[in-house]
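Chain by chain, the residues run as shown.
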Amino acid sequence: MMLYLQLYFEFFKTGLFAVGGGMATLPFLHDMAERTGWFTAAQLTDMVAVSESTPGPIGVNMASYVGFTTAGIPGAILATLGLITPSIIVILIIAAFLRSFRENRYVNGAFYGLRPASTAMVASAGITVAAVSLFHPEMTGLAAVDWKAAALAAVLLVLTRWVKPTKKLHPIVFILASAVIGVVFKF
């Protein structure tokens, strides 16, 4: 019973403070991994990859995954509910006071000020994912670079930015291709 409450509370905190979408939850999940031991940094990277390639919000997918691996189906449900509860509460409060908030310059200023914070959290998450995906922290020098992952990242960058026929393809094509390559080449 205590594990269920802890799962709910940990993801409630994440949902409360992770402004900016699913990728903004990554710093919180990284901290959660260190504090609770429910998953490792490598598993977090796998969660991001799976969450990116499956339907649904990334944060919700990761909460469900952590909850399921930690405490089965009830854990998945409680972790997911914990993550979405703050959003539901905030939406209900805002909806109740929508008329007074609509023209309030302080509220508009607060949301305007949250944009850089949200951008920074998403950038931090991207850097964390790139570091875990492209480097082996236990090694030093050139041996620390995961050359297969770096090559895949470079090819994807070229294909999505500079090769005209592939530049306009839907991102899901690259996600699926990356998943297949990752399975085939075991990384």
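Quick note: structure is the one above.
The text that follows walks through the structure, step by step, so that each part is easy to find.

What counts and what doesn't
Residues numbered from 1 in each chain as written. Predicted model: local features only at pLDDT ≥ 70, side-chain atom pairs only at ≥ 80, totals over all residues. Heavy atoms only, no water. Axes fitted to C-alpha atoms, helices over the stretch in contact; angles between N-to-C directions. Helix = DSSP H or I, 4+ residues; strand = E, 2+ residues; numbered from the N terminus. Parallel < 35°, antiparallel > 145°, perpendicular 65-115°, else oblique. Left-handed = near helix turned anticlockwise from the far one by under 90°. Buried < 20%, exposed > 50% of the residue type's maximum accessible area, 1.4 Å probe, protein only. Arc of directions from axis to C-beta. Contact = heavy atoms within 4.5 Å. Salt bridge = Lys/Arg side-chain N within 4 Å of Asp/Glu carboxyl O. Patch = residues over 30% accessible without salt bridge, like charges linked within 9 Å, V, L, I, M, F, W, Y side chains within 5 Å. Areas by Shrake-Rupley, 256 points an atom, 1.4 Å probe, with all protein chains shown as cover. Lys, Arg positive; Asp, Glu negative; His and termini not counted. Charge placed at Lys NZ, Arg CZ, Asp CG, Glu CD.

Next up on the list: the packing of helix H1 (residues 2–17) against helix H4 (residues 58–96). Their axes nearest at 7 Å, the elements H1 and H4 cross at an angle of 40°. One way to sum up the angle between H1 and H4 is to call them oblique. Classified by chirality, the crossing of H4 by H1 is right-handed.

To continue, consider helix H2 (residues 26–36). Of all the positions in H2, only Leu 26, Leu 29, Met 32 and Ala 33 are classed as buried. The buried residues of H2 occupy an angular sector of 115° when the element is viewed end-on, so they sit on one face. Check the buried side of H2 and you find it contacts H1, helix H3 (41–53), H4 and helix H6 (105–134). Backbone geometry just downstream of H2 places Gly 37 in the positive-phi region, at approximately 75°.

What the rule picks out here adds up to 3 salt bridges. Between Glu 10 and Arg 35 there is a salt bridge, and its shortest N-O distance comes to 2.6 Å. Of this pair, Glu 10 sits in helix H1 while Arg 35 sits in helix H2, placing them 25 residues apart in sequence. By relative accessible area, which is 44% here, Arg 35 ends up partly exposed. Between Asp 31 and Arg 35 there is a salt bridge, with its nearest N and O atoms 2.8 Å apart. Taken together, the positions of Asp 31 and Arg 35, both in helix H2 and 4 residues apart, correspond to about one turn of that helix. Among the residues examined, Asp 31 registers a relative accessible area of 34% and is labelled partly exposed.

The grouping of Arg 161, Lys 164, Lys 167 and Lys 168 at the surface amounts to a positive patch. Counting through the fold element by element, Lys 164 comes out in helix H8 (residues 164–167). With a relative accessible area of 71%, Lys 164 lands in the exposed category.

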